[in-house]
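# Residue-level structure breakdown
So the chains spell out like this:
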Amino acid sequence: MSAEARYRALKGMKDVLPPDIHLWQKIETAFREVFGAYGFQEIRTPVAESTDIFVRSIGETTDIVEKEMYTFEDKAGRSLSLRPEGTASVVRSFVENRLFNLPSPQKFYYMGPMFRYERPQSGRYRQFYQTGVEAFGSPQPEMDAEVIAMLGRLLGSIGLPELVFQVNSIGCENCRPGYKEKLLAFFGNRLEGLCADCARRYRQNPLRILDCKVPGCVELRQGAPKITDHLCADCRSHFEGLQRLLDLLGLSYAVNPDMVRGLDYYTRTTFEVTSGSLGAQNAVAAGGRYDRLVREFGGPETPAVGFAIGMERIVELLHQSAGAVVPAPDIFIASMGGEAGKQSFLLAQQIRDRGLWAERGDPAASLKSQMRRADRIAARHVFIIGEEELRSGIVRWKRLADSSQGEVALSDAAESAVRLRGDSLSS
RNA sequence: GUGGGCGUAGCUCAAUGGUCAGAGUACUGGACUGUGGCUCCAGGUGUUGGGGGUUCGAGUCCCCUCGCCCACCCCA
């Protein structure tokens, strides 16, 4: 690379530049509107927390905590970590600020960067952005359904309707241990057939064997006990209730008993949205219920459910379906000579005072090159000020789309700019 | 952490081990002395990612290194 590129962004971290940034802003605006309709309010928490907050919530033996966190000591020797996900911080804040004293349920959303020290690949970054929600206080399946429905609305609001929703229930502290036993028993006498990774999973997190991609393991797990057949009565009725509500809303989804979550804190409902056109990292959004986490953080027994959307991944999907809308100036002012340049400078200010986007050409450059530049940046209209115009106190205008031209008084040019834009918007 | 692919102009890419590393595009100017797009003409740009080695000679072959990409793992 050239000599100027001595300083680079860190591995797995990217600049978001125009025109991409317009896509991001469009998504964020659409999302905020949907959040408003569902009564979710924004919450902003710090990007760093005490390390133990993440260890406690995500789970000591998860990959995230064991090897993917950006952990460091501050100058006082405290162990801090950059947040690898959003839920832990929001739960910490919920408890610390005693938000459980406010009317229940309390519903929050956040948008912001997360950090995981992983090997980057398509759709996976070390700093990545998540938009997530957390709804506290309701144990009812209605809240699960509401949150899932909102996720569908969010994705639909930006033109991504045709995605696959999968739901599952992974039970609770009453029924999951028993199921785990059955699973261990099932794979216990099939250990030789499992891949090396699954042999490890057998000891660390046997549920993970269920979504291994190795053909031999896929084969071998046929007939393995399904979590959905081993739920306790409460979990089963919750899960069935959720499905009835999703049906009521007309949402299409698939029950996938093999869908497992990577974080320890989930209970009962889990769900995931995937896309077929994203490569290996195909999860667009994922979430679930976590009824014990608030209690573990020292708050009162408070059921909760939430999800997070991977922003880079939906940006990628939107990229595939449509190009970004690049904003363009309303008026480009071309001028020739010193006095005309001065008038163009003043006129640009007057136009901007009216809320329009005005750009100026270089008065020392030829009109031709100024016109070319106006065309390149897709300006809708060009104002031309030269010697002739100054003498007669006028400004020529030209609409680039159809080459129509006219002239207006210099003193009225700023107001004319407003009218011209109105005309081109309505036509 | 493991495996594979790729690094040549701002961008997209050429160049059987052999002169001075090229083309398109973009940019600037001109043809059109004050009017964009289309066409034509002219102009500049490179530590061939970096370092070492083989060779009379390396963008090309070998080794090391850095970076990017993809996959595994894991996950949004």
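Residues numbered from 1 in each chain as written. Chains lettered and ligands numbered in written order. Predicted model: local features only at pLDDT ≥ 70, side-chain atom pairs only at ≥ 80, totals over all residues. Heavy atoms only, no water.

## So, the overall build of chain A
Looking only at helices and strands, one finds 15 helices and 16 strands in chain A. The C-alpha radius of gyration of chain A comes to 28 Å, more than 25% above the 22 Å expected for a compact globule of 427 residues. Along the three orthogonal principal directions, the C-alpha set of chain A runs to about 95 × 50 × 50 Å. Taking all 427 residues of chain A together, 48% fall into the buried category. Relative to all contacts within chain A whose residues are 6 or more apart in sequence, the contacts with residues 24 or more apart total 68%. In chain A, 54 positive and 54 negative side-chain charges are present, and the distance between their average locations comes to 3 Å. (Helix = DSSP H or I, 4+ residues; strand = E, 2+ residues; numbered from the N terminus. Rg over C-alpha atoms; globule rule 2.2 N^0.38 Å. Buried < 20%, exposed > 50% of the residue type's maximum accessible area, 1.4 Å probe, protein only. Contact = heavy atoms within 4.5 Å. Lys, Arg positive; Asp, Glu negative; His and termini not counted. Charge placed at Lys NZ, Arg CZ, Asp CG, Glu CD.)

## Considerations on helix 9 (residues 233-248)
Spanning 16 residues, helix 9 covers 22 Å between terminal C-alpha atoms, matching the ideal 22 Å at 1.5 Å per step. Among the residues making up helix 9, those that are buried are Cys235, His238, Phe239, Gly241, Leu242, Gln243, Leu245 and Leu246. At the exit of helix 9 stands Gly250, carrying a positive phi of roughly 75°. (Expected span 1.5 Å × (residues − 1).)

## Examining the sheet that holds strand 5 (residues 106-115)
Sheets are built from strands paired through backbone hydrogen bonds, the pairs being either parallel or antiparallel. The sheet built from eight strands is open, its strands ordered 1-5-6-11-10-9-7-8 with mixed pairing. Whereas interior strands pair on both sides, the edge strands pair on one side only; in this sheet they are strand 1 (41-42) and strand 8 (254-255). Relative to strand 11 (residues 304-310), strand 6 (residues 127-136) is paired through seven bridges, and the arrangement is antiparallel. Across the sheet, residue Val133 finds its bridge partner in strand 11, namely Phe307. Contacts from helix 5 (residues 141-157) reach strand 5, strand 6, strand 7 (164-169), strand 9 (267-274), strand 10 (283-289) and strand 11 within the one sheet, and its direction differs from that of strand 11 by about 15°. (Pairing = 2+ DSSP bridges. Axes fitted to C-alpha atoms, helices over the stretch in contact; angles between N-to-C directions.)

## What about the pattern of salt bridges?
Going through the model one piece at a time under the given rule, you end up with 25 salt bridges. In this structure, Asp74 engages Arg78 in a salt bridge whose closest nitrogen and oxygen atoms are separated by 2.8 Å. For Arg78, a relative accessible area of 53% corresponds to the exposed category. One salt bridge in this structure joins Arg289 and Asp291, with 2.8 Å as the shortest N-O distance. Exposure class is identical for Arg289 and Asp291. Each is buried. Each of Arg56, Glu173, Arg292 and Glu296 takes part in a single network of salt bridges with overlapping partners. (Salt bridge = Lys/Arg side-chain N within 4 Å of Asp/Glu carboxyl O.)

## Comments concerning the domain arrangement of chain A
Domain annotation for chain A reports domain 1 (7-175 + 231-322) and domain 2 (331-426). A straight line from the C-alpha centre of domain 1 to that of domain 2 covers 49 Å. (Domains from an automatic or database assignment.)

## Description of the packing of aromatic side chains
Inspection of the entire model under this criterion finds 12 aromatic pairs. When the ring of Phe94 is compared with that of Phe136, the centres are 4.0 Å apart and the planes differ by 15°; the resulting orientation is stacked. With Phe94 in helix 4 (residues 87-96) and Phe136 in strand 6, the pair connects residues that are 42 residues apart, well separated along the chain. Geometrically, the ring pair formed by Phe136 and Tyr290 is edge-to-face, given 6.5 Å between the ring centres and 85° between the ring planes. Taken together, the positions of Phe136 in strand 6 and Tyr290 in the loop between strand 10 and helix 10 (293-296) put the pair 154 residues apart, joining distant regions of the chain. A relative accessible area of 1% means that Phe136 is categorised as buried. Exposure remark for Tyr290: the relative accessible area of 1% places this residue in the buried category. Through a chain of ring-to-ring contacts, three or more aromatic side chains come together here, namely Phe94, Phe100, Phe108, Phe136, Tyr265, Tyr266 and Tyr290. Lying across the ring of Tyr117, Arg126 places its NZ or CZ 3.9 Å from the centre. (Phe/Tyr/Trp six-rings, centres within 6.5 Å; stacked < 30°, edge-to-face > 60°. Lys NZ or Arg CZ within 6 Å of the ring centre and 35° of its normal.)

## Here we look at the protein's contact with RNA strand B
Taken together, 52 residues sit near RNA strand B, with Arg124, Arg201, Arg208, Glu389 and Ser403 positioned nearest. Take the atoms of RNA strand B that sit within 4 Å of the protein: sugar and phosphate atoms are 56% of them. The separation between a base nitrogen of RNA strand B and a polar main-chain atom of Gly123 is 3.4 Å. Within the side chain of Glu389, a nitrogen or oxygen atom sits 2.4 Å from a base nitrogen of RNA strand B. (Near = heavy atom within 4 Å. Polar contact = N/O pair within 3.5 Å; in protein donor to acceptor, adjacent residues only side chain to side chain.)

## Here we look at the environment of Gly12
Topologically, Gly12 is positioned in the segment before helix 1 (20-38). Sequence separation between Gly12 and Arg124 is 112 residues; the distance between their C-alpha atoms is 7.7 Å. The contacts of Gly12, once residues within four sequence positions are left out, are Pro120, Tyr125, Arg126 and Gln127.

## Here we look at the pairing of strand 11
Burial within strand 11 is extensive, with seven of its seven residues counted as buried. Across the two faces of strand 11 the burial is the same, with Ala304, Gly306, Ala308 and Gly310 and Val305, Phe307 and Ile309 all buried. The pairing of strand 10 with strand 11 spans five bridges and is classified as antiparallel. Bridge pairing links Ala285 to Ile309 in strand 11.

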